[in-house]
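Residue-level structural notes
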Amino acid sequence: MPPPLQAHRLLISHRRLPTPARRRFTAVSSLQSAPATTLAPGPATSSILSIRESLLSGERTAADITSEYLSRLRRTEPSVRSFIHVADAAAEREAEELDRRIASGEKDAVGPLAGVLVGVKDNLCTKNMPSTGGSRILDGYRPAYDATAVRRLREAGAIVVGKTNLDEFGMGSTTEGSAFQVTTNPWDDSRVPGGSSGGSASAVSARQCVVSLGSDTGGSVRQPASFCGVVGLKPTYGRVSRFGLMAYASSLDVVGCFGSSVFDTATILSVVAGHDKMDSTSSSQDVPDYTSKLVSLDLLESKPLNGLRIGIIQETLGEGVDTGVVSSIKGAASHLEQLGSVVDEVSLPSFSLGLPAYYILASSEASSNLSRYDGIRYGRQVSANDLNEIYGESRASGLGHEVKMRILMGTYALSAGYYDAYYKRAQQVRTLVKESFKNALEKYDILISPAAPSAAYKIGEKINDPLAMYAGDIMTVNVNLAGLPALVVPCGFVEGGPVGLPVGLQMIGSPFSEGSLLRVGHIFEQTLQNFSFVPPLLAER
């Protein structure tokens, strides 16, 4: 029986869960006990603002900035392998065109993302650029259009530098599931960057691009952000259009973003968010300027989070979570208290049920969505004697092991004899998860937890143990089931690698509360002392 379905007993015997319980959080600072980094500490700065100011002042040209990032990409890519495709020539042409427009005095030349190099996860369509989803079955596929999120970035002046690596069709947690290459973690090249958006996270961490786009179905933005020491944002379901995103699980998929600072991440969200007539699930709710409430460090009050109510999810700090991660999260909670917030422990009784429910629902939707890759309409086609043979052979040779396994699991869960026992029951658990979060967020402004139960682990360590890999998603999948926004910011280090391995703090909010999460994350980031989240890969050069 496929591994996630072994947990079906959790789904069969559930009862209606009580209102979340809470108790006072006792701060245990870990900021002093974390391993010291040799890099200079200081608050994260906005690369986007720096680029914009240098272009407007004439201090630098877009061509110079692009050349700097491409040079760094070429130096680091042989070891990091973040990109499946690099559009260096196109990026240089676009930068030169931007310089020409600025020199000619065109007023609209310097858009909000002018000269900003963006990496795009390879499951987002890019016009006339390879878009493979990390799968051999789409090898050579070049869409005739941009995904809405990509189009909006281009319209704001961004330069797409290339397509980043991922687990095939977003199915994985390490980026080892790519059909093309294994991406490494810039903090330690023997470790995974997380997944499935590992290429996008690694590219930002190694400063191969300024910001990047990813997708998050069950944590695929937040877990890599934690592993790579960058900021990662999963917006509310429907906040960003999914048009042009290769579907994995349509009721869970969200386009997210990475940056080296909260300000940069907020800037990207301000550009890509909003209703899209090409996506009926996109929200028509107004999009604010998410950067407008991000106050610089020198203007902050002594207690900038005074009155903020924060709940630390009790179930995320127990058995199965590394002690170093727990220590870092408690240290982050202590820091939030010092900024004026009130932190309590809160229990979400449905939390442990989310993981088996997620894998049943996601696999079920994937079994339907991936039926389109049949060797006829897209990508690879194997020569055969009849149509059924074309379908079978094209999919057999074009799809990887993990994708095939999830298709089989989903087909099994949707089959006539098992639909009620698996899929229907998983949907019922999803409702319980939503109610549990709703009740908790009526009492607290935000909830916090680790983004992953451990820091980045070794490449190959869990590749043959799918249950252990699936368990790594326990911190993130519930947020997708509930459709909520979540922000991950680096908060500390644990032992490992040359200078330690980063740990991310996950902040969860009510629907469409991205502005509040970004404000809290920005204050946290600006006031965190004694840490610098620049990987040794860069410090050595």
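Predicted model only: the values in this text are computed from it and were never measured.

1. Notes on the overall build of the protein chain
The secondary structure content of the protein chain amounts to 17 helices and 12 strands. Taking 2.2 N^0.38 as the reference for a compact globule, 541 residues should give roughly 24 Å; the C-alpha atoms of the protein chain span a radius of gyration of 22 Å, in line with that estimate. By its C-alpha atoms, the protein chain is 65 × 65 × 45 Å across when sized along the principal axes. Within the protein chain, contacts between residues at least 6 apart in sequence are counted, and of these 79% link residues at least 24 apart. Summing over all exposed atoms, the protein chain offers an accessible surface of approximately 20200 Å²; the carbon and sulfur share of this is 49%. Of the side-chain charges in the protein chain, 51 are positive and 54 negative, and the distance between the mean point of each set is 4 Å.

2. Looking at the UniProt feature "active site" (unreviewed entry) in the protein chain
UniProt's entry tags Lys121, Ser196 and Ser220 with the feature "active site" (unreviewed entry), counted in the numbering of this structure. Spanning 100 residues, the named residues nonetheless gather at one spot, since no C-alpha pair among them exceeds 11.0 Å. Its location among the elements puts Lys121 in strand S3 (residues 117-121). Residues within four places of Lys121 in sequence aside, it is in contact with Lys163, Thr164, Leu166, Ser196, Ser197, Ser200, Leu213, Gly214, Ser215 and Ser220. Structurally, the position occupied by Ser220 is in the loop between strand S5 (211-216) and helix H7 (222-228). Since its relative accessible area comes to 6%, Ser220 is described here as buried. A polar side-chain atom of Ser220 sits 3.1 Å from a polar atom in the side chain of Ser196.

3. Overview of the UniProt feature "domain: Amidase" (unreviewed entry) in the protein chain
Taking the numbering used here, the UniProt-annotated feature "domain: Amidase" (unreviewed entry) corresponds to residues 64-518. Taken end to end, residues 64-518 is 36% helix and 14% strand, and its first and last C-alpha atoms sit 31 Å apart.

4. Describing the pairing of strand S8 (residues 309-313)
Most of S8 sits out of view: four of its five residues are buried. Of the strand pairs in this sheet, S8 and strand S9 (residues 342-346) are connected by five bridges, and their pairing is parallel. Its bridge partner lying in S9, Arg309 is registered against Val342. Following the backbone out of S8, through helix H9 (residues 323-338) and into the adjacent parallel S9, one traces a crossover that is right-handed.

5. A few points about the packing of aromatic side chains
Two aromatic rings are characterised by how far apart their centres lie and by the angle between their planes. Scanning the model with the defined rule gives 13 aromatic pairs in all. On the numbers, 5.4 Å between centres and 65 degrees between planes, the contact of Trp187 with Phe493 is edge-to-face. Taken together, the residues span a long stretch of sequence, with Trp187 in the loop between strand S4 (159-164) and helix H6 (198-205) and Phe493 in strand S11 (residues 486-494) at a distance of 306 residues. Of the two residues, Trp187 and Phe493, both sit in the buried class. Between Tyr359 and Tyr470, the aromatic rings sit 4.3 Å apart at their centres with planes inclined by 35 degrees, giving tilted as the arrangement.

6. With respect to the packing of helix H10 (residues 354-369) against helix H12 (residues 401-414)
Where H10 meets H12, the closest approach of the two axes is 7 Å, and the angle between their N-to-C directions is 100 degrees. Overall, the two elements H10 and H12 adopt an arrangement that is roughly perpendicular. Each of Tyr359, Ile360, Ser363, Ser364 and Ser367 in H10 lies in contact with H12, whose residues at this interface are Arg406, Ile407, Met409, Gly410, Thr411, Ala413 and Leu414. When grouped by side-chain class, the residues that make up the contact of H10 with H12 number six nonpolar, five polar and one charged.

7. Considering the pairing of S5
It is a general feature of regular strands that their side chains alternate between the two faces of the sheet. Counting buried positions over the six residues of S5 gives six, a clear majority of the element. In S5, alternate side chains face the same way, and those of Val211, Leu213 and Ser215 on one face and Ser212, Gly214 and Asp216 on the other are all buried. As paired elements, S3 and S5 share three bridges and run parallel to each other. In the strand pairing of S5, Gly119 is matched with Ser212. Strand direction decides the pairing type here: S5 and strand S7 (residues 254-259), joined by six bridges, are antiparallel.

8. Some thoughts on the packing of helix H2 (residues 47-57) against helix H8 (residues 262-272)
In the contact formed by H2 and H8, the axes pass within 7 Å of each other and the chain directions differ by 75 degrees. Taken together, the axis directions place H2 and H8 in an arrangement best described as roughly perpendicular. Here Ser47, Ile48 and Leu49 of H2 come into contact with H8, specifically with Phe263, Asp264, Thr267 and Ile268. Residues that form the contact of H2 with H8 fall into these classes: four nonpolar, two polar and one charged.

9. Let's talk about H9
Taking 1.5 Å of rise per residue, 16 residues should cover 22 Å, and H9 covers 23 Å from first to last C-alpha, within 8% of that figure. Looking only at H9, the buried set comprises Val325, Val326, Ser328, Ile329, Gly331, Ala332, Ala333, Ser334, His335, Leu336 and Glu337. At the exit of H9 stands Gly340, carrying a positive phi of roughly 110 degrees.

10. Focus: the side chain of Ser283
For Ser283, the position within the fold is in the loop between H8 and S8. Under the relative-accessibility criterion, Ser283 is labelled buried at 14%. Reaching out from Ser283, the side chain makes a polar contact with the backbone nitrogen of Gln285 at a distance of 3.0 Å. Residues within four places of Ser283 in sequence aside, it is in contact with Gly238, Arg239, Gly274, His275 and Phe512.

Rules used in this analysis
- Residues numbered from 1 in each chain as written.
- Predicted model: local features only at pLDDT ≥ 70, side-chain atom pairs only at ≥ 80, totals over all residues.
- Heavy atoms only, no water.
- Helix = DSSP H or I, 4+ residues; strand = E, 2+ residues; numbered from the N terminus.
- Rg over C-alpha atoms; globule rule 2.2 N^0.38 Å.
- Contact = heavy atoms within 4.5 Å.
- Areas by Shrake-Rupley, 256 points an atom, 1.4 Å probe, with all protein chains shown as cover.
- Lys, Arg positive; Asp, Glu negative; His and termini not counted.
- Charge placed at Lys NZ, Arg CZ, Asp CG, Glu CD.
- UniProt positions renumbered as here; feature names shortened; annotations may be inferred.
- Buried < 20%, exposed > 50% of the residue type's maximum accessible area, 1.4 Å probe, protein only.
- Polar contact = N/O pair within 3.5 Å; in protein donor to acceptor, adjacent residues only side chain to side chain.
- Pairing = 2+ DSSP bridges.
- Right-handed = clockwise from strand over helix to strand, strands pointing away.
- Phe/Tyr/Trp six-rings, centres within 6.5 Å; stacked < 30°, edge-to-face > 60°.
- Axes fitted to C-alpha atoms, helices over the stretch in contact; angles between N-to-C directions.
- Parallel < 35°, antiparallel > 145°, perpendicular 65-115°, else oblique.
- Nonpolar A, V, L, I, M, F, W, Y, C, P; charged D, E, K, R; others polar.
- Expected span 1.5 Å × (residues − 1).

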